[in-house]
Amino acid sequence: MRKFEIPIDWTMAKNVIIEAEALEEAILLALDDDLKNGDYVDESIRISMQMIEALNNVTPEEINKAKEKVIEETNEWVFDD
């Protein structure tokens, strides 16, 4: 069985409540907040077939076949290209 490296990106979002003297201070404090506890943004997942091709020994035909199958199975466009 082959092993594949699949790069996946997604977006997380969170509202952070900050007490500060000025907006710029609040923004800087928010950037220091623990961002691990956000919520997944719906339909934000993306897979780079260009990166898959660069990371794995696959042919353009395999890339196209995989794209078609994933779209057929998920009814979603999850590719960034």
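Residues numbered from 1 in each chain as written. Predicted model: local features only at pLDDT ≥ 70, side-chain atom pairs only at ≥ 80, totals over all residues. Heavy atoms only, no water.

A. A look at the nonpolar core. Listed in full, the 7 residues of the largest apolar core are Ile-47, Met-49, Ile-52, Val-58, Ile-63, Val-78 and Phe-79. Sequence-distant contacts of Phe-79, defined by excluding residues within four places in its chain, comprise Arg-46, Ile-47, Met-49, Lys-67, Val-70 and Ile-71. (Core = buried A, V, L, I, M, F, W, Y, C linked by side-chain atoms within 4.5 Å. Buried < 20%, exposed > 50% of the residue type's maximum accessible area, 1.4 Å probe, protein only. Contact = heavy atoms within 4.5 Å.)

B. Looking closely at helix α3 (residues 60–74). The end-to-end C-alpha separation of α3 is 21 Å, in line with the 21 Å expected for 15 residues at 1.5 Å each. In the segment just after α3, Asn-75 is the residue with positive phi, at about 60 degrees. (Helix = DSSP H or I, 4+ residues; strand = E, 2+ residues; numbered from the N terminus. Expected span 1.5 Å × (residues − 1).)

C. Spatial organisation of the layout of surface pockets. When its volume is computed, the largest pocket comes out at roughly 240 Å³. Lining the largest pocket are Phe-4, Ile-6, Ile-47, Met-49, Ile-52, Val-58, Glu-62, Ile-63, Ala-66, Val-70 and Phe-79. Secondary structure elements with two or more residues in the lining of the largest pocket: α2 (49–55) and α3. Here the lining of the largest pocket is composed, by residue class, of 10 nonpolar, no polar and 1 charged. (1 Å grid on protein atoms, 1.4 Å probe; cavity = no way out; pocket = protein on both sides within 12 Å on 5 of 7 lines; lining within 4 Å. Points joined across faces, edges and corners; volume = space filled by probe spheres on them. Nonpolar A, V, L, I, M, F, W, Y, C, P; charged D, E, K, R; others polar.)

D. Just the pattern of salt bridges, in detail. Summed over all chains, the structure comprises 2 salt bridges. Salt-bridge contacts for Glu-73 lead to Lys-69; the nearest nitrogen and oxygen are separated by 3.3 Å. In this pair, Glu-73 and Lys-69 are both assigned in helix α3, 4 residues apart and thus about one turn of the helix distant. Residue Glu-73 is classed as exposed on the basis of its relative accessible area, which comes to 54%. (Salt bridge = Lys/Arg side-chain N within 4 Å of Asp/Glu carboxyl O.)

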